[in-house]
Amino acid sequence: MPVEPLSREEIQDRLAELPGWSLDGDRLTRSYRLGSHFASTAMVVHIAQVQEELDHHSDLTLGYRTVSLSVHTHCAGGAVTEKDFELARKVEDLAPGHGAH
């Protein structure tokens, strides 16, 4: 089943439910601060596991005490879809367990 791009209005409505996430061009983005580089690395591994389970992958950047994500759906022409929001929600759910804010 093809994945349909969301309209700008649908994206804004969904972003209201995900504090910290924003639309940057054609991608959903979010950065997290963590207490240590080790905690950041553990969170990246956890996100990678979730991405594999969803078969949907973001651009994921590991910093010294930061983790940043940038995601859109390649098979929808690089548009934002419900798949991107599903990944964002799952990352939001796991972030507190890593001490991310």
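For clarity, every value in this text was computed on a predicted model and none was experimentally measured.

(A) Just unusual backbone geometry, in detail. The phi dihedral of D55 falls on the positive side, at around 55°, and the residue is not glycine. Relative to the assigned elements, D55 resides in the loop between α2 (37-54) and β3 (59-62). For D55, a relative accessible area of 59% translates into the label exposed.

(B) Representation of the sheet that holds strand β1 (residues 22-24) in the model. Ordered in space as β1-β2-β4-β3, the 4 strands form an open sheet in which the pairing is antiparallel. A single partner strand is all that each edge strand has here, and the edge strands are β1 and β3. Geometrically, the sheet is characterised by an average inter-axis angle of 25° between neighbouring strands, direction not taken into account. The sheet contact formed by β1 and strand β2 (residues 27-33) spans 3 bridges and is antiparallel.

(C) The packing of aromatic side chains, seen in detail. For the structure shown, the criterion picks out 0 aromatic pairs. Here R30 stacks its cationic end above the ring of Y32, 4.0 Å away from the centre of that ring.

(D) Region of interest: the packing of α2 against helix α3 (residues 82-94). Between α2 and α3, whose axes approach to 10 Å, the crossing angle comes to 145°. The crossing of α2 and α3 is right-handed. For the pair α2 and α3, the contacting residues are M43, H46, I47, V50, Q51 and L54 in the first and E86, L87, K90, V91 and L94 in the second.

(E) How the structure looks around the pattern of salt bridges. Enumeration over the complete set of coordinates arrives at 4 salt bridges. For E92, the salt bridge is made with R30, and the minimal N-O distance between the two is 3.3 Å. Of the two residues, E92 sits in helix α3 while R30 sits in strand β2, which places them 62 residues apart along the sequence. The class for R30 is buried, based on a relative accessible area of 13%. Among the ionic pairs, E82 bridges to R89, the shortest N-O distance being 2.4 Å. Assessed through its relative accessible area of 33%, R89 is described here as partly exposed. A single salt-bridge network, built from bridges that share partners, covers R14, E82 and R89.

Reading the values: the criteria
- Residues numbered from 1 in each chain as written.
- Predicted model: local features only at pLDDT ≥ 70, side-chain atom pairs only at ≥ 80, totals over all residues.
- Heavy atoms only, no water.
- Helix = DSSP H or I, 4+ residues; strand = E, 2+ residues; numbered from the N terminus.
- Buried < 20%, exposed > 50% of the residue type's maximum accessible area, 1.4 Å probe, protein only.
- Pairing = 2+ DSSP bridges.
- Axes fitted to C-alpha atoms, helices over the stretch in contact; angles between N-to-C directions.
- Phe/Tyr/Trp six-rings, centres within 6.5 Å; stacked < 30°, edge-to-face > 60°.
- Lys NZ or Arg CZ within 6 Å of the ring centre and 35° of its normal.
- Left-handed = near helix turned anticlockwise from the far one by under 90°.
- Contact = heavy atoms within 4.5 Å.
- Salt bridge = Lys/Arg side-chain N within 4 Å of Asp/Glu carboxyl O.

The values are spatial; any link to function lies outside them.
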